[in-house]
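Fold and geometry: a report
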Amino acid sequence: MELIELNAKARETKGKGAARKLRASEAIPAIVYGAKKDPMMLSLDTVEFVKIVRDHGNTGLFFNLKIEGGIEKAVMLKAMQMDAFSLNYLHVDLHEVDMDQTVSVAVPVETTGECPGVKTGGGMIQIIRRDLDVICKPADMPESIVLDISALDIGDSIHVKDIDLGDAVEIPHEVNFTVITIVPPTADTDEVSEEDEDLLEEEAEEAAPVAE
């Protein structure tokens with residue numbers, strides 16, 4: 001995996017008024033965090049950032065961040081805030097990474113091959129998990145997890161334990177949940193197994209903020 005080049009400028013002003021001025025000048029307020037380092041406030045060029053997201057998506061992005069003045073950092077995209085109505089980017093959070101240390105990142109799931117259960121059986125492909133968390137070094141991160149469905153018939157599934165991404169990439173999991181299944185043509189494609197439903201509920205509860 002190659003780092004995507006991203007240019008930035010350091011900024012000193014903060015607050016809503018300063019952020020509005022930045023966005024009015026076709027820039028996005030941003031911040032980069034680093035272990036044992038003070039956060040650095042930045043501004044990104046809106047056109048450049050939008051093109052990167054359009055070309056590469058918005059998950060699992062790693063950048064060679066070039067800050068005006070000669071500073072370079074390897075960073076990953078941690079979070080983005082968008083306006084719900086205009087869909088303009090309001091703020092971008094970046095996190096400095098050590099290329100020799102592992103990180104956890106979400107990777108999209110894709111399929112390849114013709115599925116007999118769909119081609120001859122009239123079934124439908126149900127992708128239950130459209131992305132999976134992986135743990136790896138940034139250089140080993142796959143752009144996507146491609147699953148071969150060419151041997152799947154109606155009722156067949158691919159579970160997380162069936163996926164082998166090599167020794168350098170781990171998919172952390174405690175339950176052998178379903179990633180893809182082939183359902184009959186009469187099945188409700190929005191249904192998930194009780195096991196997967198319970199797991200999704202548990203994950204939502206774990207992700208919910210804890211009240212102080």
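The coordinates are above.
Residues numbered from 1 in each chain as written. Predicted model: local features only at pLDDT ≥ 70, side-chain atom pairs only at ≥ 80, totals over all residues. Heavy atoms only, no water.

**Let's talk about the nonpolar core**
Selection criterion: What we call a nonpolar core is a set of buried Ala, Val, Leu, Ile, Met, Phe, Trp, Tyr and Cys residues that are connected through their side-chain atoms within 4.5 Å. Burial classes: relative accessible area under 20% of the type maximum marks a residue as buried, over 50% as exposed, and values in between as partly exposed (1.4 Å probe, protein chains only). A helix here means a DSSP run of H or I that spans at least four residues, while a strand means a run of E at least two residues long, and both kinds are numbered starting from the N terminus. Residues are treated as being in contact if the distance between any of their heavy atoms lies within 4.5 Å.
Counting 26 residues, the largest nonpolar core has Leu132, Val134, Leu147, Ile163 and Val179 as its most contacted members. Considering each element in turn, this core owes the most residues, four residues, to strand 7 (residues 103-112). What Leu147 contacts, discounting residues up to four positions off in sequence, is Val109, Glu110, Thr111, Thr112, Ile158, Ile163, Val179 and Ile180. If you look at the next biggest cluster of nonpolar residues, it comprises 20 residues, including Ala8, Ala30, Val75 and Leu77.

**Quick notes on the pairing of strand 2 (residues 27-34)**
Note the following rule: Two strands pair under a simple rule: DSSP has to find at least two bridges between them.
In terms of residue burial, strand 2 counts as a mostly covered element, since seven of its eight residues are buried. Relative to strand 3 (residues 37-45), strand 2 runs antiparallel, the two sharing seven bridges. Along strand 3, the bridge assignment pairs Ile31 with Met41. Connecting the antiparallel pair strand 2 and strand 3 is a turn made up of two residues, with Lys36 showing a positive phi of about 60°. Pairing of strand 2 with strand 6 (residues 89-96), which is carried by four bridges, proceeds in the parallel orientation. Across the sheet, residue Ala30 finds its bridge partner in strand 6, namely Val92.

**Structural notes on helix 1 (residues 16-24)**
Formally: Regarding the arc, it is the one traced by the directions from the helix axis to the C-beta atoms.
Turning to helix 1, its buried residues number three or more, namely Ala18, Ala19 and Leu22. Mapping the buried residues of helix 1 onto a view down its axis gives an arc of 100°, with all of them on the same face. In helix 1, the exposed residues that point more than 90 degrees away from the buried face are Lys16, Arg20, Lys21 and Ala24. Close packing links the buried residues of helix 1 with strand 2 and strand 3. Where helix 1 ends, the next residue or the one after it, Glu26, has phi of about 65°, a positive value.

**What about the packing of aromatic side chains?**
The relative placement of two aromatic rings is captured by the distance of their centres and the angle of their planes. Applicable threshold: For this analysis, a ring pair means two rings from Phe, Tyr or Trp (six-membered ring only for Trp) whose centres lie within 6.5 Å, classed as stacked if their planes differ by under 30 degrees, edge-to-face if by over 60, and tilted for the remaining angles. Two limits define a charge over a ring: the Lys NZ or Arg CZ must be within 6 Å of the ring centre, and within 35 degrees of the ring normal.
Considering all chains together, one arrives at one aromatic pair under this definition. Lying over the aromatic face of Phe177, Arg129 brings its terminal NZ or CZ to 4.1 Å of the ring centre.

**Here's the deal with the side chain of His91**
With respect to the secondary-structure elements, His91 resides in strand 6. By relative accessible area, which is 19% here, His91 ends up buried.

**Things to note about helix 2 (residues 46-56)**
For the record, the criterion: Whenever a nitrogen or oxygen atom comes within 3.5 Å of another N or O atom, the pair is scored as a polar contact, on the condition that within protein one atom can donate a hydrogen and the other can accept it, and that pairs from neighbouring residues in sequence are kept only if both atoms are in side chains.
Among the residues making up helix 2, those that are buried are Thr46, Phe49, Ile52 and Val53. For helix 2, the arc enclosing every buried residue in end-on projection is 130°, short of the 170-degree limit, so these residues lie on one face. Exposed residues lying more than 90 degrees from the buried face of helix 2 are Val47 and Arg54. Where helix 2 begins, the capping side chain belongs to Asp45, and its oxygen is found 3.2 Å from the backbone nitrogen of Val47.

**Overview of the pattern of salt bridges**
Rules: In the sections that follow, a salt bridge refers to a side-chain nitrogen of Lys or Arg positioned within 4 Å of a carboxyl oxygen of Asp or Glu.
Summed over all chains, the structure comprises four salt bridges. Put simply, Asp55 and Lys51 hold a salt bridge, and the shortest N to O gap is 2.8 Å. In this pair, Asp55 and Lys51 both sit in helix 2, four residues apart, roughly one turn of the helix. Its relative accessible area of 46% is what places Asp55 among the partly exposed residues.

**Digging into the sheet that holds strand 1 (residues 4-10)**
Our working definition: What counts as an axis is a line fitted to C-alpha atoms, over the stretch in contact for a helix, and the angles between N-to-C directions run from 0 to 180 degrees.
Ordered in space as 1-3-2-6-5-4, the six strands form a closed barrel in which the pairing is mixed. Taken pair by pair, the neighbouring strands of this sheet meet at an average axis angle of 45°, ignoring direction. Against the sheet, helix 1 engages strand 2, strand 3 and strand 6, with an angle of about 120° to strand 2. Set on the sheet, helix 2 makes contact with strand 1, strand 2, strand 3, strand 4 (62-67), strand 5 (71-82) and strand 6; between it and strand 1 the angle comes to about 155°.

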